[in-house]
Amino acid sequence: MHNFTDPLGLYRGRFAPSPSGPLHFGSLVTAVGSFLEAKSRCGEWLVRIEDLDTPRVVAGAADEILRTLEVFGLHWDGAVVYQSQCHDAYRDALERLQRAGWLYPCVCSRKQIALSALTGCDGPVYAGACRQRRLAMAGPHASLRVRTPDRIVEYGDRVQGPVRLNLEREIGDFVLRRADGIYAYQLAVVVDDAWQGVTHVVRGADLLYSTARQIYLQQLLGYDTPDYLHLPLVLDAQGKKLSKQTRAEPVVLDNPLPSLVAALRFLGQDVPESLLQADVEVFWQWALANWNPDRIPEAGHAGARDPDEESMLRSLIQDN
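Residues numbered from 1 in each chain as written. Predicted model: local features only at pLDDT ≥ 70, side-chain atom pairs only at ≥ 80, totals over all residues. Heavy atoms only, no water.

A. Broad picture of the pattern of salt bridges. Per the counting criterion, the structure on display carries 18 salt bridges. In this structure, Arg12 engages Glu44 in a salt bridge whose closest nitrogen and oxygen atoms are separated by 3.0 Å. Taken together, the residues span a long stretch of sequence, with Arg12 in strand S1 (residues 12-15) and Glu44 in strand S2 (residues 44-49) at a distance of 32 residues. A residue is classified by how much of its surface remains accessible, and Arg12, at 14% relative accessible area, is buried. Given the relative accessible area of 27%, Glu44 is considered partly exposed. In this structure, Glu50 engages Arg48 in a salt bridge whose closest nitrogen and oxygen atoms are separated by 3.6 Å. Glu50 sits in the buried class, given a relative accessible area of 13%. (Salt bridge = Lys/Arg side-chain N within 4 Å of Asp/Glu carboxyl O. Helix = DSSP H or I, 4+ residues; strand = E, 2+ residues; numbered from the N terminus. Buried < 20%, exposed > 50% of the residue type's maximum accessible area, 1.4 Å probe, protein only.)

Below, the structure written as structure tokens:
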């Protein structure tokens, strides 16, 4: 594994929301953490809209997310990239993997996979029922999977620590193009990060084990591997990840400071009460001057650090 080295030594990070709804507190935490990591190191912070999964895209959500970022003082560098406009790049990468013999068609139904799948590091591991099928046997309703070898992938995470996974046993052959023709997230994000020259990825800990898949694809495609930092997840009252699928409430646009302060405290930063009475510009001046990534808690220990903060965070999530 090797890291991307920009000839100018530039840090280039990104925030990549999916437009399946408005920005909620969990996404705000990721945006704040990735923004501060980039800007505190005099780097660039890019925004990419991950709108490949068209059945989940909500009309107008992308524009609403961008407007929210602007209101919250999260100003990005360069043009916004939309995955829906990058199909040619994904197709080219897929064809390279096809020519190298890494792909095969899979016609297994979800039910078949669920009945035969093994359990890996973050869910089912495909048992390989279609592994001997040739690409010529793909047909119109087949997905394309990439073969994974019996090999260890190791990587370090600045918050979660070292990770060591066996690709074949704990990850398994994974889908790069779905049966409906949509390119999978794992392929798209690898191509996007390489094309945009992303040097550092800051995102939620729910993607910690997806990093092994992405490093594997980076190796197959000859791409460089960014540094990774996975932030703790914001959980709801039932202990589930706060997300649009769990009907997380959007952040409030007419008063950004309480949400910004709560996000920074969630990331382990010691934020003074006086910032709640400041304006957004003053908030970011303080946040950039005092950002300390060593204080970020690990996943699983991500709750607010005292009862008052926990109450504040709960009210922001439930009452906004």
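B. Inspection of the packing of aromatic side chains at higher detail. The tally for this structure, following the rule as stated, stands at seven aromatic pairs. Each ring, one from Phe15 and one from Trp45, has its centre 6.0 Å from the other, and the planes form 10°; the classification is stacked. A residue pair is termed long-range when its members are at least 10 positions apart, and Phe15 in strand S1 and Trp45 in strand S2 qualify at 30 residues. The two residues Phe15 and Trp45 agree in class, both being buried. (Phe/Tyr/Trp six-rings, centres within 6.5 Å; stacked < 30°, edge-to-face > 60°.)

C. Local environment of the pairing of S2. Burial analysis of S2 places five of its six residues in the buried class, the great majority of the element. Relative to S2, S1 runs parallel, the two being bridged by four bridges. Paired with Arg12 across the bridge in S2 is Glu44. As for the winding sense of the linkage, the β-α-β connection from S1 through helix H1 (residues 25-39) to S2 is right-handed. The sheet contact formed by S2 and strand S3 (residues 81-82) spans two bridges and is parallel. What sits directly across from Ile49, in S3, is Tyr82. Crossover handedness for the path S2 to helix H2 (residues 61-71) to S3: right-handed. (Pairing = 2+ DSSP bridges. Right-handed = clockwise from strand over helix to strand, strands pointing away.)

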